[in-house]
Amino acid sequence: MSNETKQNVFEDAAFNIETSAPDGPKFADELRQRYDAALPDDLPVITELISKYLIMRKRDRGDLVQALDEGTSFLLDGTQWESVQDWFWFSDVKDRVDTFARAWVLGVWRVEETGEIVKLEEEK
């Protein structure tokens, strides 16, 4: 197994393009910009209900601890809080909490049912 990262491989390819193609430097620079702006390959995948919940909690300016707090009770698009809790606590607890936390921190995830990529806009 190599210790090389995807970024290392990309940089090596971009260097080879820069040094061997007539318009290589411009193309390599465009590749770097696209790579920097691209989303991660391994986006967290969460259900549509949890996606709505995450968006709501972020808009309320809550924090991750509050979002995972069992003591909260409210309605989410007509769905009781218990449905959200079921997703977190009734199977694969660690994996689901980790997935939710990654989506929270990244601000981007894929919706399981639709394949849609949801990206929260950064506040100014």
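Scroll up to find the structure.
Please read all numbers here as calculations on a predicted model, not as lab measurements.

K.L.:
Looking at this structure, how should I read the overall build of the protein chain?
P.N.:
What the protein chain contains, in helices and strands, is 6 helices and 5 strands. Overall, the protein chain shows an N-to-C arrangement of helices and strands of α-α-β-α-α-β-β-α-α-β-β. The buried share of the protein chain, taken over its 124 residues, is 27%. If you take every contact in the protein chain between residues at least 6 apart in sequence, the share linking residues at least 24 apart comes to 55%.

K.L.:
Sorry, what's going on with the packing of aromatic side chains here?
P.N.:
Each aromatic ring pair is described using two quantities: the centre-to-centre distance and the angle formed by the ring planes. Taken as a whole, this structure holds 3 aromatic pairs when the rule is applied. Through pairs of rings, three or more aromatic residues link up here, namely Tyr53, Phe100 and Trp104.

K.L.:
Where do I start with the side chain of Thr47 in this structure?
P.N.:
Within the fold, Thr47 resides in the loop between strand E1 (45-46) and helix H3 (48-59). Thr47 sits in the buried class, given a relative accessible area of 13%. Not counting chain neighbours up to four residues away, the residues in contact with Thr47 comprise Trp87, Val111, Glu112 and Glu113.

K.L.:
Help me out: how do you make sense of a negative patch on the surface in this one?
P.N.:
Together, Glu48, Glu112, Glu113 and Glu116 line one region of the surface with negative charge. Here Glu112 is to be found in the loop between strand E4 (108-111) and strand E5 (117-119). On the accessibility criterion, Glu112 (52% relative accessible area) is exposed.

K.L.:
How should I be thinking about the nonpolar core in this particular structure?
P.N.:
Nonpolar side chains tend toward joint burial in soluble globular proteins. Core analysis: the biggest nonpolar cluster contains 16 residues, and Ile46, Ile50, Leu54, Phe88, Phe100 and Trp109 have the highest contact counts within it. Mapped by element, the contributors of at least two residues to this core are H3, helix H5 (81-89), helix H6 (93-106) and E4. Beyond its immediate sequence surroundings of up to four residues, Trp109 is in contact with Pro44, Ile46, Ser51, Leu54, Ile55, Ala103, Glu116, Ile117, Val118 and Leu120.

Scoring rules and cut-offs
Residues numbered from 1 in each chain as written. Predicted model: local features only at pLDDT ≥ 70, side-chain atom pairs only at ≥ 80, totals over all residues. Heavy atoms only, no water. Helix = DSSP H or I, 4+ residues; strand = E, 2+ residues; numbered from the N terminus. Buried < 20%, exposed > 50% of the residue type's maximum accessible area, 1.4 Å probe, protein only. Contact = heavy atoms within 4.5 Å. Phe/Tyr/Trp six-rings, centres within 6.5 Å; stacked < 30°, edge-to-face > 60°. Patch = residues over 30% accessible without salt bridge, like charges linked within 9 Å, V, L, I, M, F, W, Y side chains within 5 Å. Areas by Shrake-Rupley, 256 points an atom, 1.4 Å probe, with all protein chains shown as cover. Salt bridge = Lys/Arg side-chain N within 4 Å of Asp/Glu carboxyl O. Lys, Arg positive; Asp, Glu negative; His and termini not counted. Charge placed at Lys NZ, Arg CZ, Asp CG, Glu CD. Core = buried A, V, L, I, M, F, W, Y, C linked by side-chain atoms within 4.5 Å.

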